[in-house]
Amino acid sequence: MTSPPPLTGIRVLEFAGLAPGPFAGLLLADYGASVLRLDRAAPGAHTATPPPETADQLVRHKTSIAVDIKSAAGLALIKALIPHVDVVIDPFRPGVLEKAGLAPQEVLLAINPRLVVARMTGFRRDGKYALMAGHDINYIAVSGVLGMLGRAGDKPYPPGNIVGDFAGGGAMCFLGVLLALLARQRTGRGQVVEANMVDGSAYLATMPRLAMKRPIWAGERGTNMLDGGSPYYDTYETGDGKYMAVGALEPQFFAQLLRGLGLTEKDLPGPREDVSTWPALRELFTRRFKSKTRKEWEDVFDGTDACCTPVLEQRELEKTGFDQRPPVTLRDTPGFAIAGGVEGEADVAVRSAKGQGVGDKGKGWVERGLKPGVGGEEVLEQWVGWKRGRQFELVDGGLRWKDTGKL
């Protein structure tokens, strides 16, 4: 029997930000936490005609309150809410919360010793970059990861903002929150969790970094087995301008790849382990893959162990109805479904993998965003029984605590 998601009952106050902080909040929400985003006060917030959605699209299952934290009454509302919250997500550069009068250790944890304060930064909080602005490309650059990515003889190539913002940032911050919640079960105390994209992305690169001391990754960028150097671990254009991905590292898989390509060992320029043969082998594979369309190659390799698959694009996945799923399957306490359609799934394992519940309206492909102030007052009533006009009031597009003298 399916039980509620594992983070059900966990209350999260997420200061509005972009990318990594909201992604950590999204992961918490997808696994059952109640996530309330704290937006800046804005004209129309908490009214029937709220302001437009913010730029943040990582808002699935979240609600919002708008608060002017620069006002004494707005700050008082946040402090009054802190005793009722399990997790606070701080997406700001170092010093911002302190300047606002919400220093995590001295203020927030003093109010609620069981609180987990998750702080997400790009650079480390120490060192020469600590106070500098940056983006994903800068964080993975100084972590050493960017220097490993790219073709031989070409400049380093940034992989979008996946490695820094999301994998090394938001996902690692999410992991830190879970660890802190586990520790709280044992100690009864919360703590400050500090995640940064430099250390997060560097940690993700543990295997290739260690492999640099061995033949598999000892060469320059783009010349190694797993970074585009090897012709049997690469992508190839097909006759219709699409691509196939080849990962036939082991001999038995390589043999099946050759069979599918209509080649034999005699057709090869030499032993595949001989790096000097790689340019000629790549040229051979390039010509062969261009002789058929991607669909024709799929028909050849589907169901085989050749480690040869199509490079599917996001737009075609959306068009063909690819169902987005929670990243980790929990058999008994699945996360919330993203795409929906779970009810008719007979296979228990697949049903758990798809998640529970009705799913998101955008099915993981479209997100309309979240307008400041939408849904948040209902959450405040659910969490602590607060209602507008009693505990708080709406002033200039932001909620404020009514009686600061009681704090």
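Criteria and cut-off values
- Residues numbered from 1 in each chain as written.
- Predicted model: local features only at pLDDT ≥ 70, side-chain atom pairs only at ≥ 80, totals over all residues.
- Heavy atoms only, no water.
- Helix = DSSP H or I, 4+ residues; strand = E, 2+ residues; numbered from the N terminus.
- Buried < 20%, exposed > 50% of the residue type's maximum accessible area, 1.4 Å probe, protein only.
- 1 Å grid on protein atoms, 1.4 Å probe; cavity = no way out; pocket = protein on both sides within 12 Å on 5 of 7 lines; lining within 4 Å.
- Points joined across faces, edges and corners; volume = space filled by probe spheres on them.
- Nonpolar A, V, L, I, M, F, W, Y, C, P; charged D, E, K, R; others polar.
- Domains from an automatic or database assignment.
- Contact = heavy atoms within 4.5 Å.
- Disulfide = S-S within 2.5 Å.
- UniProt positions renumbered as here; feature names shortened; annotations may be inferred.

Here we look at unusual backbone geometry
Working step 1: A positive phi angle, close to 55°, is found at C307, a residue other than glycine.
Working step 2: For C307, the position within the fold is in the loop between α11 (294–301) and β9 (308–310).
Working step 3: Exposure remark for C307: the relative accessible area of 32% places this residue in the partly exposed category.
Working step 4: At D396, a position not held by glycine, the phi torsion is positive, near 50°.
Working step 5: With respect to the secondary-structure elements, D396 resides in the loop between β10 (392–395) and β11 (398–401).

So, the layout of surface pockets
Left-over empty space is what a probe sized like a water molecule reveals as it rolls over the atoms.
Working step 1: The volume enclosed by the largest pocket comes to roughly 810 Å³.
Working step 2: Forming the boundary of the largest pocket are 22 residues, of which F23, L26, L58, R60 and G364 lie nearest the centre.
Working step 3: Residue contributions to the lining of the largest pocket peak at four residues, all from helix α1 (residues 20–30).
Working step 4: Among the residues forming the lining of the largest pocket, the class breakdown is 12 nonpolar, four polar and six charged.
Working step 5: Taken domain by domain, the makeup of the lining of the largest pocket includes at least three residues from each of domain 1 (11–206 + 363–401) and domain 3 (322–362).
Working step 6: If you add up the space inside the second largest pocket, you get close to 680 Å³.
Working step 7: Contributing to the lining of the second largest pocket are 23 residues, with L149, G150, L226, D227 and G228 lying nearest its centre.
Working step 8: Broken down by element, the residue count for the lining of the second largest pocket peaks at three residues, all from strand β7 (residues 233–237).
Working step 9: Taken together, the residues that form the lining of the second largest pocket break down as 14 nonpolar, four polar and five charged.
Working step 10: Taken domain by domain, the makeup of the lining of the second largest pocket includes at least three residues from each of domain 1 (11–206 + 363–401) and domain 2 (233–311).

Concerning the environment of L75
Working step 1: Residue position: L75 is located in helix α2 (residues 72–81).
Working step 2: Assessed through its relative accessible area of 16%, L75 is described here as buried.
Working step 3: Leave out the neighbours within four places in its chain, and L75 touches D68, I69, A100 and L102.

Some points on the state of the cysteines
Working step 1: One pass over the full model with this rule turns up zero disulfides.
Working step 2: With no disulfide of its own, C307 has C308 as its nearest cysteine by sulfur position, at a separation of 8.9 Å.

A look at the UniProt feature "transmembrane region" (unreviewed entry) in the protein
Working step 1: Taken from the UniProt record, the annotation "transmembrane region" (unreviewed entry) applies to residues 129–150 and 162–182.
Working step 2: Helix and strand shares over residues 129–150 are 32% and 0% respectively, and the end C-alpha atoms of the span are 24 Å apart.
Working step 3: Helix makes up 100% of residues 162–182 and strand 0%, and the two end C-alpha atoms of the span are 27 Å apart.

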